[in-house]
Number of protein chains: 2
Amino acid sequence: MADKVTIADVARHAGVSRQTVSNVLNAPELVREHTQRRVLEAVQALGYRASQAARQMRTGRSQLIAARIEPAQDDGINGFVFDRFLHGLTESAALAGYRVLLYTAADHEAELATFDDLLGVYVPDAFVLTSLDYGDPRPAWLLEQRIPFVTFGRPWGVPPAQRYPWVDVDGAAGTAAATRYLLDAGHRRIGFLGWPAGSGVGDDRREGWARTLTAAGAEPAELAELDYRTDDGAPHGEAAARALLDRDRPVTALVCVSDSLALGALQAGRGIAVIGFDDTPVARAVGLTSVSQPLSEVATRCVSLLTRALDGNGAGARARETQAYDTGTEVLLRPSLVRRRSA
Amino acid sequence: MADKVTIADVARHAGVSRQTVSNVLNAPELVREHTQRRVLEAVQALGYRASQAARQMRTGRSQLIAARIEPAQDDGINGFVFDRFLHGLTESAALAGYRVLLYTAADHEAELATFDDLLGVYVPDAFVLTSLDYGDPRPAWLLEQRIPFVTFGRPWGVPPAQRYPWVDVDGAAGTAAATRYLLDAGHRRIGFLGWPAGSGVGDDRREGWARTLTAAGAEPAELAELDYRTDDGAPHGEAAARALLDRDRPVTALVCVSDSLALGALQAGRGIAVIGFDDTPVARAVGLTSVSQPLSEVATRCVSLLTRALDGNGAGARARETQAYDTGTEVLLRPSLVRRRSA
DNA sequence: TTGAAAGCGCTACCAA
DNA sequence: TTGGTAGCGCTTTCAA
């Protein structure tokens, strides 16, 4: 199956010049309608598709968006979030005429080297960054090279001078909703099972719980009592839940920073109410109520931010439903609470 | 940062012709060593990297491997397997000088259309197919177009005339090992919690259990009694385990076709031994013994099969450790049993 | 062993 | 509104 239909074949078939064909495809307004139709018919008949490589040589655009596929996490449960995001990204990108190119890198330094390599060889038009952390060198690097990019995740601790487009999910809003839900169900001793302080994501999620309890009248001292910090993983969650239950005034409910910790808390038994974060398959499997990130919309927004920068047009479906905050290039989406047996 | 170092820049810097530079890079044996070194130094100094687009125009090779990122499964737990495979693929491909290009498709028909589209535009050098099923039209299509591809998954019910390279994991060997392990632990009533007959993967896994029990002296009638079939998902697993436990002669152990079913069985309580399949994060989280697929090696083998077809060289690391069966283009790898608390 | 020329398929820039 | 020309950066002839 020789798929080598070139623009010249189309031109011959339609009885016009190569140029006209190119115009019909790239700047239709320049071509008479009659001619357009003839050309389009020829395109159809021949099954012509513009070669991306040839186009790239002229335009310098590869129609490629590079994204990193992350190695398995310690716990692995959260690979899920990234995987679903990547799926959404692939889908949204395709709609906008882009494809997703994958790469891996062991650490930030290796990733910068990969940026350089990719940029020299495949020349992706943009990058999508995930798992941003404090002091992350990647945005600054891309900014300096003037490479378009967007991040899934707010810039944590980045000087305002370094502004760039990002999309994120409002974790605090998620835990706030979870806490409010437990409050409404009559709980008064609602603990928070979180990661050690210092991670942007973890601290943000803790904050939503804290401010909701505070608004409900909790004193700082009580908050401190209810706030438990531990590394991620079900075993840690189980131990933490036990500790919180063995106190003088035990908790009756737990808001957790991750499904892993929540799963552990669930396993600690004692029938307390537990709410997790991320709505991973585990949550579904064990009936765990969990905060769900709108990953598919996060992906759509990322692509839309990118195409705006790339194509100059701000087209793209800009769904307003779950939107919480939007400065144009900084988008914070609201998560939702998926209710199941655990709370 | 103008990254536009071309071959001409290198030639000028090294004081040779463009051609010589190309030769140094593509056919070094044609160039005197002294010249080579000079050129290589210039390449280094200038940070030259050959443009993939330009190379593709000449050679027709895109150095791209296309793979589909699957939508979330019903249950979601198994997205994990694919995600880890994809990660390994990206890594192995990079080592071999290829990048992974992602696409999605809702069903087989849409996927064939995507093949066609991709082939016309980005022209990937090869495809990697996953989740093969009976009557899968994709291999035949690619075979007919003479597009190189490899599948992760054996061809189920495909006429031998349609031979193509594949890599798979010996599921039967996995469940056989699991069954033997339970036998050695003293269990005599070992049930199998599987999917309804008709899925290649599911039937294969059932077979490993059946043959091991048979070898241990079980009668067909007993096997039938111990063989329970249900759809995937923890709730189904829980119900099934209950049913098997409420029988006259209850099972004392369960080999499961998936971690989802195993998780359900675990939740049914009663402390029976349970072994799952795929060693997903859930298994790790709840201490479930599970059969683990060597996904990273599957990926390596896929790439190695591909590069053999593409580059003509059979290079690539061909690790022999986990290898069980290898005809050169058909590779069946052995899974391993990860022992945890559940059995 | 090295260099010159051609051309992959496309689009930007002109001129008609 | 249409068509001609040039050239993106590379590699594959062929000639020196």
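Residues numbered from 1 in each chain as written. Chains lettered and ligands numbered in written order. Predicted model: local features only at pLDDT ≥ 70, side-chain atom pairs only at ≥ 80, totals over all residues. Heavy atoms only, no water.

J.: If you had to explain the relation of the copies chain B and chain A to someone new, which residues and values would you point to?
T.: Screw-axis analysis of chain B against chain A gives a translation of 0.0 Å along the axis, an RMSD of 0.1 Å, and a rotation angle of 180°. The two molecules are tied by a two-fold rotation axis, judged by turn and shift. Taken as a fraction of all interface residues of chain B, those also at the interface in chain A reach 100%, which identifies the copy contact as same-surface. (Least-squares fit on C-alpha atoms with pLDDT ≥ 70 in both. Contact = heavy atoms within 4.5 Å.)

J.: Could you give me a rundown of the packing of aromatic side chains, with the residues and numbers involved?
T.: Residue and element names in this part refer to chain A. Here the structure, examined in full by the defined rule, presents 16 aromatic pairs over all chains. For the ring pair Phe82 and Phe85, a centre distance of 6.5 Å and an interplane angle of 50° mean the geometry is tilted. One end of the pair, Phe82, and the other, Phe85, are both in helix α5 (residues 79-95), 3 residues apart, so they sit about a helical turn from each other. Of the two residues, Phe82 and Phe85, neither departs from the other in class, the shared state being buried. Of the aromatic side chains, those joined through ring pairs into one cluster are Tyr103, Phe115, Phe127 and Trp141. Above the plane of the ring of Phe277 lies Arg205, whose end atom (NZ or CZ) is 3.6 Å from the centre. (Phe/Tyr/Trp six-rings, centres within 6.5 Å; stacked < 30°, edge-to-face > 60°. Helix = DSSP H or I, 4+ residues; strand = E, 2+ residues; numbered from the N terminus. Buried < 20%, exposed > 50% of the residue type's maximum accessible area, 1.4 Å probe, protein only. Lys NZ or Arg CZ within 6 Å of the ring centre and 35° of its normal.)

J.: Kindly report on the UniProt feature "domain: HTH lacI-type" (unreviewed entry) in chain A, identifying the contributing residues and their values.
T.: UniProt annotation of "domain: HTH lacI-type" (unreviewed entry) refers to residues 5-59 of chain A when read in the numbering used here. Its end C-alpha atoms 20 Å apart, residues 5-59 of chain A is made of 71% helix and 0% strand. (UniProt positions renumbered as here; feature names shortened; annotations may be inferred.)

J.: Tell me about the sheet that holds strand β8 (residues 253-256) of chain B, and please be specific about residues and values.
T.: All names here are of chain B. If you trace the 6 strands from one edge of the open sheet to the other, you get β7-β6-β8-β9-β10-β13, paired in mixed fashion. One side of each edge strand has no neighbouring strand; the edge strands of this open sheet are β7 (227-229) and β13 (336-338). Looking at each pair of strands side by side, their axes are set apart by 20° on average, direction ignored. Inspection of the sheet shows strand β10 (residues 289-292) paired to β13 by 3 bridges, in the antiparallel sense. Bridging from a neighbouring strand, Val291 pairs with Leu337 of β13. Strands β6 (190-194), β7 and β8 of the sheet are contacted by helix α11 (residues 234-245), whose axis makes an angle of about 150° with β7. (Pairing = 2+ DSSP bridges. Axes fitted to C-alpha atoms, helices over the stretch in contact; angles between N-to-C directions.)

J.: Provide a residue-level description of the packing of α5(A) against helix α14 (residues 295-311) of chain A, including the pertinent values.
T.: Residue and element names in this part refer to chain A. The interhelical angle for the contact between α5 and α14, taken along N-to-C directions, is 45°, at an axis separation of 8 Å. Classified by the angle their axes make, α5 and α14 are oblique. Handedness of the crossing formed by α5 with α14: right-handed. Residues Val81, Arg84, Phe85, Gly88, Leu89, Ser92 and Ala93 of α5 form the contact with α14, whose participating residues are Leu295, Val298, Ala299, Thr300, Cys302 and Val303. In terms of residue class, the contact of α5 with α14 is made up of 9 nonpolar, 3 polar and 1 charged. (Parallel < 35°, antiparallel > 145°, perpendicular 65-115°, else oblique. Left-handed = near helix turned anticlockwise from the far one by under 90°. Nonpolar A, V, L, I, M, F, W, Y, C, P; charged D, E, K, R; others polar.)

J.: Please set out the protein's contact with DNA strand C residue by residue, giving values where relevant.
T.: Taken together, 24 residues lie around DNA strand C, and A:Ile7, A:Tyr48, B:Thr20, B:Thr35 and B:Arg58 are the ones closest in. By atom count, sugar and phosphate contribute 60% of the portion of DNA strand C lying within 4 Å of the protein. A distance of 3.0 Å is found between a phosphate oxygen of DNA strand C and a backbone nitrogen or oxygen belonging to B:Arg32. One of the side-chain nitrogen or oxygen atoms of B:Thr35 is found 2.5 Å away from a phosphate oxygen of DNA strand C. For the surface near DNA strand C, the secondary structure elements donating two or more residues are α2 (18-26) and α4 (52-59) of chain A together with α2 (18-26) and α4 (52-59) of chain B. (Near = heavy atom within 4 Å. Polar contact = N/O pair within 3.5 Å; in protein donor to acceptor, adjacent residues only side chain to side chain.)

J.: Report on the environment of B:Pro139, specifying residues and quantitative values.
T.: All names here are of chain B. Among the structural elements, Pro139 can be located in helix α7 (residues 138-145). Between the C-alpha atom of Pro139 and that of Ile272, which follows or precedes it by 133 residues, the distance is 42 Å. Residues within four places of Pro139 in sequence aside, it is in contact with Leu129, Leu132, Phe149 and Tyr164.

J.: Which residues make up the domain arrangement of chain A, and what are the values?
T.: You'll often see interface size given as the accessible area lost when the parts meet. The domain boundaries assigned to chain A delineate domain 1 (7-49), domain 2 (60-169 + 295-321) and domain 3 (171-292). The straight-line distance from the C-alpha centre of domain 1 of chain A to that of domain 3 of chain A is 61 Å. (Domains from an automatic or database assignment.)

J.: Mind laying out helix α3 (residues 33-46) of chain B, listing which residues take part and the relevant values?
T.: Residue and element names in this part refer to chain B. Compared with the 20 Å implied by 1.5 Å per residue over 14 residues, the 20 Å span of α3 between its first and last C-alpha is a close match. On the buried face of α3, the contacting elements are α1 (7-14) and α2. Of the residues flanking the end of α3, it is Gly47, one or two places downstream, whose phi is positive at about 65°. (Expected span 1.5 Å × (residues − 1).)

J.: Give me the lowdown on the nonpolar core, citing residues and values where you can.
T.: With 80 residues, the main nonpolar core has A:Trp209, A:Leu254, B:Trp209 and B:Leu254 as its most contacted residues. In contact with A:Leu254, not counting residues within four places along its chain, are A:Leu182, A:Gly191, A:Phe192, A:Leu193, A:Ala241, A:Leu244, A:Ala265, A:Ile272, A:Ala273, A:Val274 and A:Ile275. Among the nonpolar cores identified, the runner-up in size contains 58 residues, and A:Ile65, B:Phe80, B:Cys302 and B:Val331 belong to it. (Core = buried A, V, L, I, M, F, W, Y, C linked by side-chain atoms within 4.5 Å.)

J.: I'd like a description of the interface of chain B and chain A, backed by residues and values.
T.: With 53 residues of chain B in contact, the opposing surface of chain A contributes 53 residues. In total, about 4400 Å² of surface goes out of reach between chain B and chain A, with carbon and sulfur atoms giving 58% of it. When residues of chain B are sorted by the area they lose upon contact with chain A, B:Arg49, B:Arg99 and B:Tyr122 head the list and together hold 15% of the total. At the boundary of chain B and chain A, one finds 4 salt bridges. The residue B:Asp117 makes a salt bridge to A:Arg99 at a minimum N-O spacing of 3.3 Å. Where chain B touches chain A, the interface holds 12 residue pairs in polar contact (both at pLDDT 80 or more). Broken down by secondary-structure element, the contributors of at least two residues to the side of chain B that touches chain A are α4, α5 (79-95), β2 (99-103), α6 (108-121), α12 (259-267) and α13 (281-286) of chain B. Of the residues assigned to the side of chain B that touches chain A, the class counts are 26 nonpolar, 15 polar and 12 charged. (Buried area = accessible area lost by both parts, 1.4 Å probe. Salt bridge = Lys/Arg side-chain N within 4 Å of Asp/Glu carboxyl O.)

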